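Coordinate inspection notes
Read off the chains here:
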Amino acid sequence: MAGAVEAKLAELGLTLPDVVPPLASYQPAVQSGVYVYTSGQLPMVDGKLAVTGKVGAEVTPDEAKELAKTCALNALAAVKSVAGDLDRIARVVKVVGFVASATDFTGQPAVINGASELLGAVLGDKGVHARSAVGVAVLPLDAPVEVEVQVELTGV
């Protein structure tokens, strides 16, 4: 039976994906005490990137914002893989977003809003978080966006 968070995802027309398998030597998420830290999550869907390239060049800011939303969904799947239940999330503490950017692109915060807005829509006040949005030259697999999330759990 799905909990309240997964019911909210369904209400929003979203499905929690399978955990994206690691691309190298790391775990998708680890728990330390009351915190779960995700590795950087790429906008993988069914095992592949739908879009590659730099934001502001091959990828539009609106496309990248949607990709950041996908990254956040993948991060929630990674959190569930170690927490067991997304209803255990007490709050999202921090989101860090990386945007592979064309040299003149400066809209990284608006891109990472895709992740932040998704977390707020799904978790309400528990989804409000601190955040960094960073422009970078290149990301793994030529992904346009990568997002990592830190959450605090209840019942630990």
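Up top is the structure.
What comes next is a walk through the structure. Sequence order as written defines the numbering, with residues in each chain counted from 1. Two thresholds apply to this predicted model, a pLDDT of at least 70 for residue-level local features and 80 or more for giving and counting side-chain atom pairs, whereas whole-chain, interface and lining totals are computed over all residues. Side-chain measures were taken over the full set of non-hydrogen atoms in the model, leaving aside hydrogen atoms and water.

It is worth spelling out the packing of helix α1 (residues 4-11) against helix α3 (residues 108-123) at this point. Structural elements are reduced to axes, namely lines fitted to C-alpha atoms, with helices fitted over the stretch in contact, and the angle between N-to-C directions of any two is expressed from 0 to 180 degrees. Runs of E in the DSSP output that reach at least two residues are strands. Runs of H or I that reach at least four are helices, and both are numbered from the N terminus. Closest axis-to-axis distance for the α1/α3 pair is 8 Å, and the angle between their directions is 115 degrees. Side by side, α1 and α3 meet where Val-5, Lys-8 and Leu-9 of the first sit next to Ala-121, Val-122 and Leu-123 of the second. Classifying every residue of the contact of α1 with α3 gives five nonpolar, no polar and one charged. The criterion used for residue contact is that any of the two residues' heavy atoms lie within 4.5 Å. Ten residue types, Ala, Val, Leu, Ile, Met, Phe, Trp, Tyr, Cys and Pro, are classed as nonpolar, four, Asp, Glu, Lys and Arg, as charged, and the remainder, Gly among them, as polar.

Time to look at the pattern of salt bridges. Any two side chains of opposite charge can pair, given that their charged atoms come close. Salt-bridge detection follows one rule: a side-chain nitrogen of Lys or Arg within 4 Å of a carboxyl oxygen of Asp or Glu. Summed over all chains, the structure comprises four salt bridges. Residue Glu-6 pairs with Lys-80 through a salt bridge whose shortest N-O separation is 2.7 Å. Note that Glu-6 is positioned in helix α1 and Lys-80 in helix α2 (residues 61-83), a separation of 74 residues in sequence. Here Glu-11 makes a salt bridge to Lys-8, at a shortest N to O gap of 3.0 Å. A residue pair is termed a helical-turn pair when its members lie 3 or 4 positions apart in one helix, as Glu-11 and Lys-8 do in helix α1 at three residues.

On a regular strand, each side chain points to the face opposite its neighbour's, so the side chains alternate between the two faces of the sheet. A pair of strands is treated as paired once DSSP finds two or more bridges between them. Two elements, strand β5 (residues 89-100) and strand β7 (residues 145-153), share nine bridges in a ladder whose sense is antiparallel. The residue of β7 that forms the bridge with Lys-94 is Gln-150. Classification remark: right-handed applies to a crossover when, strands pointing away from the viewer, the course from the first strand over the helix to the second runs clockwise. Taking the sense of rotation as the criterion, the β-α-β connection linking β5, α3 and strand β6 (residues 130-136) turns out right-handed.

Attention shifts here to α2. How far a helix is expected to stretch is found by multiplying one less than its residue total by 1.5 Å. The end-to-end C-alpha distance of α2, which contains 23 residues, comes to 32 Å, matching closely the 33 Å that a straight helix rising 1.5 Å per residue would cover. Positive backbone phi, approximately 85 degrees, marks Gly-84, located one or two places after α2.

On to α3. Taking 1.5 Å of rise per residue, 16 residues should cover 22 Å, and α3 covers 23 Å from first to last C-alpha, within 8% of that figure. Along its buried surface, α3 packs onto α1, α2, β5, β6 and β7. Positive backbone phi, at 60 degrees, marks Gly-124, one or two positions downstream of α3.

Mapped onto the elements, Ser-116 comes out in helix α3. The exposure class assigned to Ser-116 is buried, which follows from its relative accessible area of 15%. At a separation of 3.0 Å, a polar atom in the side chain of Ser-116 contacts the side chain of Arg-131. Each residue gets one of three labels from its accessible area relative to the maximum for its type: buried under 20%, exposed over 50%, partly exposed in between, using a 1.4 Å probe on protein chains only. Under the rule applied, a polar contact is a pair of N or O atoms within 3.5 Å (in protein, one hydrogen donor and one hydrogen acceptor; residues adjacent in sequence only if both atoms are side-chain atoms).

So, about the side chain of Gln-108. Looking at where Gln-108 falls in the secondary structure, it is placed in helix α3. In this structure Gln-108 comes out as buried when scored by relative accessible area, which is 11%. When neighbours within four sequence positions are excluded, Gln-108 is seen to be in contact with Val-99, Ser-101, Ala-133, Val-134 and Gly-135.

Note that every value here comes from positions in space, so none of it alone points to a role or purpose.
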